[in-house]
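Per-entry structural report
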Amino acid sequence: QKEVEQDPGPLSVPEGAIVSLNCTYSNSAFQYFMWYRQYSRKGPELLMYTYSSGNKEDGRFTAQVDKSSKYISLFIRDSQPSDSATYLCAMSRAGGSYIPTFGRGTSLIVHP
Amino acid sequence: EPEVTQTPSHQVTQMGQEVILRCVPISNHLYFYWYRQILGQKVEFLVSFYNNEISEKSEIFDDQFSVERPDGSNFTLKIRSTKLEDSAMYFCASSVRQLNEQFFGPGTRLTVL
């Protein structure tokens, strides 16, 4: 089983839809959970960062972590065409170097 | 807004040649990283660098790779003898502290023929 699993998509939704992006993981040592957005031919950009379980909201974005199920989600409300990008989940262990382990990324297309 | 810059944006080289990829991290950042992303695959950690030495490296970062901070601003990744499988996007990143957000550069696309 891979450490971090993420469906590559593509996920195509109409403008205004609520988008749900998900990752599962196998290593219970992961404590820090991140979502990055990557536009074509650009580097990843950190969107959300959470520690341990629970929800975190930032504008139209909500990150959710369920450590008991080893499952994390990113919700995007009122999706816009400018949200079209690849979304990477990443996670790291507490202590040590905090180097993130990335998922493969989910390609999101929001069409007008 | 400060950003990480990388040069060149695209590098084409012949197998067996040496390449140097260059990065200018954000000026007040202390931790520097290299990642690679083979087309269609996940972003993979290569190496982290702090206080002028390697702090961590992955299994990918073997003897053909080296990193250097030759002056106060540049951070370089050298691949001594490139192989076909080294073709990938190489991202540089930097952070203020170890646990802080890593800011990524736009990447260098390396093509080995």
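Just above sits the structure.
In short, a report on the structure.

Calculation notes
Counting from 1, residues in each chain are numbered in the order their sequence is written. Naming scheme: in the order in which they are written, chains are lettered from A and ligands are numbered from 1. Totals for whole chains, interfaces and linings use all residues, but because this is a predicted model, local features are given only for residues with pLDDT of at least 70 and pairs of side-chain atoms are given and counted only at 80 or more. To get the side-chain values, all heavy atoms of the structure are used, and hydrogens and water are removed first. Only when DSSP finds a minimum of two bridges between them are two strands counted as paired. Counting from the N terminus, the helices are DSSP H or I runs at least four residues long and the strands are E runs at least two residues long. Two cysteine sulfur atoms form a disulfide, by the criterion used here, when they sit within 2.5 Å. To obtain each axis, a line is fitted to C-alpha atoms, and for helices this fit is confined to the stretch in contact; angles are then taken between N-to-C directions over 0 to 180 degrees. With a 1.4 Å probe rolled over the protein chains alone, any residue whose accessible area is under 20% of its type maximum counts as buried; one over 50% counts as exposed, and the rest are partly exposed. Here a pair means two rings of Phe, Tyr or Trp (six-membered ring of Trp) with centres within 6.5 Å. Their orientation is stacked below 30 degrees between planes, edge-to-face above 60, and tilted elsewhere.

Observations regarding the sheet that holds strand 8 (residues 71-76) of chain A
Residue and element names in this part refer to chain A. Ordered in space as 1-3-8-7-6, the five strands form an open sheet in which the pairing is antiparallel. Both edges of this open sheet fall to strand 1 (4-5) and strand 6 (54-58), since each of them pairs with a single strand only. Pairing of strand 6 with strand 7 (residues 61-66), which is carried by five bridges, proceeds in the antiparallel orientation. Residue pairing for strand 7: aspartate 58 is matched across the bridge by phenylalanine 61.

Describing the state of the cysteines
Residues and elements named next belong to chain A. Under the counting rule described, the total for this entry stands at two disulfides over all chains. Each disulfide pairs two cysteine sulfurs, and for cysteine 23 the partner residue is cysteine 89, the sulfurs being separated by 2.0 Å. Disulfide cysteine 23-cysteine 89: the torsion about the S-S bond is -100 degrees, which places it as left-handed. One end of the pair, cysteine 23, is in strand 3 (residues 19-25); the other, cysteine 89, is in strand 9 (residues 85-93), and 66 residues separate them in sequence.

What to know about the sheet that holds strand 3 (residues 19-24) of chain B
Residues and elements named next belong to chain B. Overall, antiparallel pairing links the four strands, which are arranged 1-3-8-7 in an open sheet. Each edge of the sheet is formed by a strand with only one pairing partner; in this case those strands are strand 1 (5-7) and strand 7 (65-68). On average, each strand axis in the sheet is inclined to that of its neighbour by 20 degrees, with strand direction left out of account. Of the strand pairs in this sheet, strand 3 and strand 8 (residues 75-79) are connected by five bridges, and their pairing is antiparallel. Note on strand 8: the bridge partner recorded for cysteine 23 is phenylalanine 75.

Remarks on the pairing of strand 9 (residues 88-95) of chain B
Side-chain positions along a regular strand alternate between the two faces of the sheet. All names here are of chain B. Summarising burial for strand 9: eight of the eight residues are buried, a large majority. Burial of the side chains of strand 9 extends over both faces: Ala88, Tyr90, Cys92 and Ser94 are buried on one face and Met89, Phe91, Ala93 and Ser95 on the other. The sheet contact formed by strand 4 (residues 31-37) and strand 9 spans seven bridges and is antiparallel. Residue tyrosine 33 lies in a different strand from strand 9, and its bridge partner there is alanine 93. For strand 9 and strand 11 (residues 108-112), the ladder comprises three bridges, and the chain directions are antiparallel. Of the residues in strand 11, the one forming a bridge with alanine 88 is leucine 110. Bridge analysis of strand 9 against strand 10 (residues 103-104) gives two bridges, and the strand direction is antiparallel. Each bridged residue has a counterpart across the sheet, and for serine 94 the counterpart in strand 10 is phenylalanine 103.

Details of the packing of aromatic side chains
Per the counting criterion, the structure on display carries 17 aromatic pairs over all chains. When the centroid spacing of 6.0 Å and the interplanar angle of 65 degrees are considered together, the rings of A:Tyr25 and A:Phe30 count as edge-to-face. As far as the burial class goes, A:Tyr25 and A:Phe30 line up, both buried. Here the aromatic rings of B:Phe32 and B:Phe75 are separated by 5.5 Å at their centres, their planes lie at 40 degrees, and the arrangement is tilted. Remark: B:Phe75 occurs in strand 8 and B:Phe32 occurs in strand 4; sequence separation between them is 43 residues. In this pair, the class of B:Phe32 matches that of B:Phe75, namely buried. Each member of the aromatic cluster is reached from another via a ring pair, and the members are A:Tyr36, A:Phe102, B:Tyr33, B:Tyr35, B:Phe45, B:Phe91 and B:Phe104.

Keep in mind that these numbers describe shape and distance, not what the molecule does.
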